[in-house]
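Chain residues, written in single-letter form:
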Amino acid sequence: MSYDINNVFAKILRKEIPNKTIYEDDFVLAFYDLYPKAKIHALVIPKGQYVDFQDFIQHAPANEKDGFFNGILATVRTLQLEESGYRLVFNTGRDSGQEVPHLHAHILAGQKLGDKL
Ligand code: AMP
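Owing to the predicted nature of the structure, the values given are computational and were not obtained by experimental measurement. (Residues numbered from 1 in each chain as written. Predicted model: local features only at pLDDT ≥ 70, side-chain atom pairs only at ≥ 80, totals over all residues. Heavy atoms only, no water.)

Visitor: Help me get a handle on helix 3 (residues 62-78), residues and values and all.
Guide: Between the first and last C-alpha of helix 3 there are 24 Å, a value that for 17 residues agrees with the 24 Å anticipated at 1.5 Å per step. Along helix 3, the residues that are buried comprise Gly-67, Phe-68, Gly-71, Ile-72, Ala-74, Thr-75 and Val-76. Where helix 3 is buried, its residues meet strand 1 (21-24), strand 2 (28-32), strand 3 (40-46), helix 2 (53-59), strand 4 (87-89) and strand 5 (105-109). Looking one or two residues past helix 3, Gln-80 carries a phi angle of roughly 60°, positive in sign. (Helix = DSSP H or I, 4+ residues; strand = E, 2+ residues; numbered from the N terminus. Expected span 1.5 Å × (residues − 1). Buried < 20%, exposed > 50% of the residue type's maximum accessible area, 1.4 Å probe, protein only. Contact = heavy atoms within 4.5 Å.)

Visitor: An account of the site of the ligand is requested, with residue identities and associated values reported.
Guide: Around the ligand, 17 residues are found, and the nearest of them are Asp-33, Asn-91, Glu-99, His-104 and His-106. Between the ligand and the protein, one listed contact pairs an oxygen atom with a side-chain N or O atom of His-104 at 2.8 Å. In the environment of the ligand, an oxygen atom lies 2.8 Å from a nitrogen or oxygen atom belonging to the side chain of His-106. Contact with the protein chains hides 90% of the accessible area of the ligand, taken as 510 Å² for the molecule alone. Among the cavities detected, the one that contains the ligand is the largest pocket. (Near = heavy atom within 4 Å. Polar contact = N/O pair within 3.5 Å; in protein donor to acceptor, adjacent residues only side chain to side chain. Areas by Shrake-Rupley, 256 points an atom, 1.4 Å probe, with all protein chains shown as cover. 1 Å grid on protein atoms, 1.4 Å probe; cavity = no way out; pocket = protein on both sides within 12 Å on 5 of 7 lines; lining within 4 Å. Sits in = over half its atoms within 2 Å of the grid points.)

Visitor: Break down the packing of aromatic side chains for me, with residues and values.
Guide: Counted under the stated rule, the structure contains 6 aromatic pairs. Ring geometry for Phe-53 and Phe-90: centres 5.4 Å apart, planes at 45°, overall tilted. Here Phe-53, found in helix 2, pairs with Phe-90, found in the loop between strand 4 and strand 5; they are 37 residues apart in sequence, far enough to count as distant. Clustering of aromatic rings is evident, with ring pairs tying together Tyr-50, Phe-53, Phe-56, Phe-68, Phe-69 and Phe-90. (Phe/Tyr/Trp six-rings, centres within 6.5 Å; stacked < 30°, edge-to-face > 60°.)

Visitor: Break down the side chain of Asp-33 for me, citing the residues and quoting the values.
Guide: By the element assignment, Asp-33 lies in the loop between strand 2 and strand 3. Look at Asp-33 and you get buried, because its relative accessible area is 12%. Within the local environment of Asp-33, its side chain forms a polar contact with the backbone nitrogen of Tyr-35, the two atoms lying 2.8 Å apart. Ignoring any residue separated from it by four or fewer positions in sequence, one finds Asp-33 in contact with His-41, Ala-42, Leu-43 and His-106.

Pasting the structure below:
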């Protein structure tokens, strides 16, 4: 799938749509999900244009991969979740119900999360 530059997260990165930023650096932007599915629900997106997990793993250079995963950890630390824990989710493709075609990690936390799937 080719990257759609008009997806909602691309608009957030271009500051055309507001977001509640949690953490930002050269590689990622992390912000609160608009429709939280847990007490704490954050999204971490790379600043590069990648549709989903497999696009990112296959095409991103090593420094962007490092930057993305370090950015997820920095977000976890900013939210002070290292002790209490959290769940990371990457919805990928049609069967997952992925809605936004820009790679994003969901961080779900702040409560007992119940069934794993
Ligand atoms: P997914 O289903 O994995 O593609 O997740 C997309 C997520 O983006 C959903 O949890 C939505 O609630 C969230 N979302 C959609 N639009 C916005 C927005 N403008 N700001 C923050 N989160 C959003």
